[in-house]
Amino acid sequence: MTERVGSHEIFELLFRNLDRNYGLVDSDCFVMNGSWFADSMAGLRPGVAINGALSYGPIPLAPPPFIAINPAAKPEIERAIGGRISPAAYAYTGPGSGPEIDGALVQLIEDHHVAALAGVLGMEGPQLPFPQGGLMDVLDDGREVRSHERFYHRQSGRSVARVVFDGMMLYQLMALAAGWRIGHFRSYPGTKVFAPEVVHAGGISYWERVPASNLSAAAGLPWAAHIDAILLDSFVRQFGASGVYAARADRLTASLQQFGVTVPVLQRQLEGKLSSAGVGVSDDRWRAILSQP
């Protein structure tokens, strides 16, 4: 690929070109239990469109950090709902003059999607579904927040300007509307997981966009920041850095200095977090990044 692309574009590429079962694992999803790969594929039984390890709610959808996909479902779903469906993010309206949510490719919800959604998703108001995992609220001040936080932000005087279904979410709702199932070979709630068989801190690609007022050395950086900084530092020490990696390394170094922490400090903190969750930090796969240089 000659241009940088996001996960939504990768979803589109795979959905349009693969005709056999396959899986997706996010770059920041660390699987310690190798049986997951076979288990996820084995769960793609007839009638199952997606099989996942993590779970959104209240409708139990499977978020993308680790999912297996049955490509045979897509044409059947489109026939059932009477139109096209993509694995990309979706919104009822465009973003106006502001940037798209997470810089993602967001498509517009069409009439056949609205009709199919009526059978599976409750609505709080026009173009405003009730809170659901994988649904983001864009507030009237431009902030992007999880829909489950809607009540809190309303109490703070904010309103919802538009909602965005994250990648793979509307697709799964259309699958349910078409009579297909979403399977779960594991059922970890949400997407932020620290467990012996999987670690996914979430947000590794966008934690830096969190307002500085929400971050402090005292409160601690998010775990995504720990993993981001530690992995990049390890990579640079082994192989050097150039281009976007060099720029990112410089930016992260400056961020760490701002919060008064160093990579060794982050390594010790992350090791403690992993150990408390029962993760085997003595495993060579973790030791490779937790060891001091």
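Scroll up a little and you will see the structure.
What counts and what doesn't
- Residues numbered from 1 in each chain as written.
- Predicted model: local features only at pLDDT ≥ 70, side-chain atom pairs only at ≥ 80, totals over all residues.
- Heavy atoms only, no water.
- Helix = DSSP H or I, 4+ residues; strand = E, 2+ residues; numbered from the N terminus.
- Buried < 20%, exposed > 50% of the residue type's maximum accessible area, 1.4 Å probe, protein only.
- Polar contact = N/O pair within 3.5 Å; in protein donor to acceptor, adjacent residues only side chain to side chain.
- Contact = heavy atoms within 4.5 Å.
- Core = buried A, V, L, I, M, F, W, Y, C linked by side-chain atoms within 4.5 Å.
- Axes fitted to C-alpha atoms, helices over the stretch in contact; angles between N-to-C directions.
- Parallel < 35°, antiparallel > 145°, perpendicular 65-115°, else oblique.
- Left-handed = near helix turned anticlockwise from the far one by under 90°.
- Nonpolar A, V, L, I, M, F, W, Y, C, P; charged D, E, K, R; others polar.
- Expected span 1.5 Å × (residues − 1).
- Arc of directions from axis to C-beta.
- Patch = residues over 30% accessible without salt bridge, like charges linked within 9 Å, V, L, I, M, F, W, Y side chains within 5 Å.
- Areas by Shrake-Rupley, 256 points an atom, 1.4 Å probe, with all protein chains shown as cover.
- Salt bridge = Lys/Arg side-chain N within 4 Å of Asp/Glu carboxyl O.

1. With respect to the side chain of Asp-228
- By the secondary structure assignment, Asp-228 is in helix 7 (residues 223–239).
- You can call Asp-228 buried: its relative accessible area is 7%.
- Among the polar contacts made by the side chain of Asp-228, one reaches the side chain of Arg-248 at a distance of 2.5 Å.
- Leaving out residues up to four positions away in the same chain, Asp-228 has contacts with Ile-204, Trp-207, Arg-248 and Leu-252.

2. Some thoughts on the nonpolar core
- Core analysis: the biggest nonpolar cluster contains 36 residues, and Ile-50, Ile-77, Phe-165 and Met-168 have the highest contact counts within it.
- Among the elements of the structure, helix 1 (7–17), strand 1 (22–25), strand 3 (48–55), strand 4 (66–69), helix 3 (73–81), helix 4 (111–117), strand 11 (160–165) and helix 6 (169–177) are those that each provide at least two residues to this core.
- The greatest single-element share of this core, amounting to six residues, is contributed by helix 6.
- In this structure, Ile-50 is in contact with Leu-44, Ala-62, Ile-67, Ala-68, Ile-69, Met-168, Tyr-171, Gln-172, Arg-181, Ile-182 and Gly-183, ignoring residues within four places of it in sequence.
- Counting residues in each nonpolar core, the second largest holds 28 residues, with Ala-225, Val-263, Leu-270 and Leu-274 among its members.

3. Digging into the packing of helix 3 against helix 6
- Viewed as axis vectors pointing N to C, helix 3 and helix 6 meet at an angle of 65°, and their least axial separation amounts to 9 Å. Regarding the angle of helix 3 to helix 6, the classification is roughly perpendicular. Helix-helix and strand crossings are classified by hand; for helix 3 and helix 6 the assignment is left-handed. Of helix 6, the residues touching helix 3 (which contributes Ala-73, Lys-74, Ile-77 and Ile-81) are Tyr-171, Met-174 and Ala-175.
- Here the contact of helix 3 with helix 6 is built from residues that sort into six nonpolar, no polar and one charged.

4. A few points about helix 9 (residues 263–276)
- Compared with an ideal rise of 1.5 Å per residue, which puts 14 residues at 20 Å, helix 9 spans 20 Å between its outermost C-alpha atoms and is within 8% of the ideal.
- Listing the buried residues of helix 9 in full gives Val-263, Leu-266, Gln-267, Leu-270 and Leu-274. Viewed along the axis of helix 9, the buried residues span an arc of 100°, placing them on a single side of the element. Residues Arg-268 and Ser-276 are exposed on helix 9 and point more than 90 degrees away from its buried face.

5. A short note on helix 6
- With seven of nine residues buried, helix 6 is to be regarded as a mostly interior element.
- Among the residues of helix 6, Met-169, Leu-170, Tyr-171, Gln-172, Leu-173, Met-174 and Ala-175 are the ones counted as buried.

6. Description of a nonpolar patch on the surface
- A cluster of nonpolar residues, Phe-235, Phe-239, Val-244 and Tyr-245, forms a patch on the protein surface that exposes about 430 Å² of accessible area.
- Secondary structure elements with two or more residues in the nonpolar patch: helix 7 and helix 8 (243–258).
- Position of Val-244 among the secondary structure elements: in helix 8.

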